[in-house]
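Spelled out, the chains give:
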Amino acid sequence: FFQKTLTAVKTWFTHFGWPRGQNPISIPDSLRRDVCIVQLTVPQEKIFKQKLDRDKGFYEMILRLNGQPIPGISASQSLPLDPVERMFQLHWQHSELLSFLKSQGACLSHVLPEFLLAPEDYKIWAEVHTGMRRGSMRSSGKLSGRPYIFLNGRAFETMSKRAWTDVLLQIYKVFVLPRVAFRIVPDPSSLESLQNMPGIKSDPLSSNIYSQYERTILIWLNKNYEKNRKIVWKDSQKGGIPPMRWIVNFDQDLLDGLVLAAQMAAYCPYLIPTHFIKMYTDPRTHEQFLHNCLILVKALRAVNLNMGIKV
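Not measured: the values here are computed from a predicted model. (Residues numbered from 1 in each chain as written. Predicted model: local features only at pLDDT ≥ 70, side-chain atom pairs only at ≥ 80, totals over all residues. Heavy atoms only, no water.)

*Asks:* Explain a nonpolar patch on the surface to me, please; I cannot follow it from the model alone.
*Replies:* Taken together, L290, L294 and V311 make up a surface patch of nonpolar side chains, about 250 Å² in accessible area. The topology assignment puts L294 in helix α13 (residues 286-302). (Patch = residues over 30% accessible without salt bridge, like charges linked within 9 Å, V, L, I, M, F, W, Y side chains within 5 Å. Areas by Shrake-Rupley, 256 points an atom, 1.4 Å probe, with all protein chains shown as cover. Salt bridge = Lys/Arg side-chain N within 4 Å of Asp/Glu carboxyl O. Helix = DSSP H or I, 4+ residues; strand = E, 2+ residues; numbered from the N terminus.)

Have a look at this one:
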């Protein structure tokens, strides 16, 4: 499950997270590297810097998605050359990032700033707190006041990958999902049939699973499916018009491809005779589910929405 989540997060942020086109990322490696791009001044790192100096820094991504930078952090600020001071600077930046995201509504109390560090910086952080390496009093004071958990190499990599994944998920939650706008457009042809269907409330306290914006998307899915199912599959030879359904989640209710096909048909009706008419409207076997999803993926590619989604 976590691997599938990580893959989905990587795909979305690779395509849509950056200010100028696509930027393939790896979690956590490229993210930990991107927050340090501004300090690549060592001569042997010049080639590495040239490949990354195109508005691909992590804080440039935050600026693009949020519309404003994190208070106190500049995308172009430099880092100290001293390894210990550099680690403390990065730790402070990560602390500010987490505090800023929490202030926007992110749930990140389980993510500690040190989990976002690169392995070499985390090692320095551990050495400072075990007394093996000395840091300045000013810097050390920033990290005091709570117990510490020291992780070995493999455990740290696992924790770091999880932490960065959760940070990206919460960035999506607080900066991208709130763009969803709920507009009620009266449509006599669809409202009549929707009256017999249980409604989905979009107010904030009506669910402890989905956010207000996710429930708005569910409402949109229900309306589009009910409006288009009789149009898309009116001439279907593989089951006729599919029955009415109540779409209440983003996994089980989308498995057969019909709901997503109805959404695409609302915006790309020319795909109906070439793709969607060939779908099974009452799929019961694994082969029929696979058939429908193959057609859906082909339709996505036909309109250049090829985001690596597997059938």
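*Asks:* Honestly, unusual backbone geometry in this entry has me stumped. Any pointers?
*Replies:* Of all residues except glycine, most have a negative phi; of all peptide bonds, most are trans. Looking along the chain, the bond that leaves I27 and enters P28 is cis, with omega of 10°. Tracing the sequence through the fold places P28 in the loop between α1 (2-16) and α2 (29-34). The backbone of N304 shows a phi angle near 65°, a positive value even though the residue is not glycine. Within the secondary structure layout, N304 lies in the segment after α13.

*Asks:* Just checking my understanding: could you explain the nonpolar core for this structure?
*Replies:* The nonpolar side chains of soluble globular proteins are, as a tendency, buried together. Counting residues in each nonpolar core, the largest one holds 45 residues, and the members touching the most others are F13, F58, M61, L101, L168 and I171. Counting residues in each nonpolar core, the second largest holds 23 residues, with I247, A261, A265 and M279 among its members. (Core = buried A, V, L, I, M, F, W, Y, C linked by side-chain atoms within 4.5 Å. Buried < 20%, exposed > 50% of the residue type's maximum accessible area, 1.4 Å probe, protein only.)

*Asks:* What should I look at first to understand the pattern of salt bridges in this one?
*Replies:* Applying the stated criterion across every chain, the model contains seven salt bridges. Note that E226 is salt-bridged to R229, the shortest N-O span being 3.0 Å. Placement of both E226 and R229 in helix α10 (residues 212-232) is noted, with a separation of three residues, approximately one turn of the helix. A single burial state applies to E226 and to R229, both of which are buried. Among the ionic pairs, R245 bridges to D256, the shortest N-O distance being 2.7 Å. Taken together, the positions of R245 in the loop between α10 and α11 (258-267) and D256 in the loop between α10 and α11 put the pair eleven residues apart, joining distant regions of the chain. Given the relative accessible area of 8%, D256 is considered buried. Several salt bridges converge on common partners, so that one network encompasses D29, R32 and E157.

*Asks:* Before we go on, may I ask you to explain α11 in this structure?
*Replies:* An α-helical turn contains 3.6 residues, so any two residues separated by three or four positions project in the same direction. For α11, the tally of buried residues reaches seven of ten residues, placing the bulk of the element in the interior. Residues of α11 that are buried make contact with α10, α12 (271-274) and α13. (Contact = heavy atoms within 4.5 Å.)

*Asks:* Which parts of the structure should I look at to understand a positive patch on the surface?
*Replies:* Taken together, the side chains of K238, K278, K298 and R301 define a basic patch exposed on the protein surface. Checked against the element boundaries, K238 lands in the loop between α10 and α11. (Lys, Arg positive; Asp, Glu negative; His and termini not counted. Charge placed at Lys NZ, Arg CZ, Asp CG, Glu CD.)

*Asks:* Help me understand the packing of aromatic side chains in this model?
*Replies:* To describe a pair of aromatic rings, one takes the distance between the centres and the angle between the planes. Summed over all chains, the structure comprises twelve aromatic pairs. Judged by centre distance (5.6 Å) and plane angle (50°), the rings of W12 and F16 are tilted. Here F16 and W12 lie together in helix α1, a separation of four residues that amounts to about one turn. Here F16 falls in the partly exposed class, since its relative accessible area comes to 33%. Ring centres 5.5 Å apart and planes at 50° place the aromatic pair W125 and F150 in the tilted group. Placement of the pair is W125 in helix α6 (residues 119-129) and F150 in the loop between α7 (137-141) and α8 (153-176), with a sequence separation of 25 residues. Given the relative accessible area of 0%, W125 is considered buried. Judged by relative accessible area, which is 39%, F150 ranks as partly exposed. Ring pairs connect the aromatic residues W12, F13, F16 and Y172, which therefore count as one cluster. The lysine or arginine in question, K238, covers the ring of Y280, its NZ or CZ lying 5.0 Å from the ring centre. (Phe/Tyr/Trp six-rings, centres within 6.5 Å; stacked < 30°, edge-to-face > 60°. Lys NZ or Arg CZ within 6 Å of the ring centre and 35° of its normal.)

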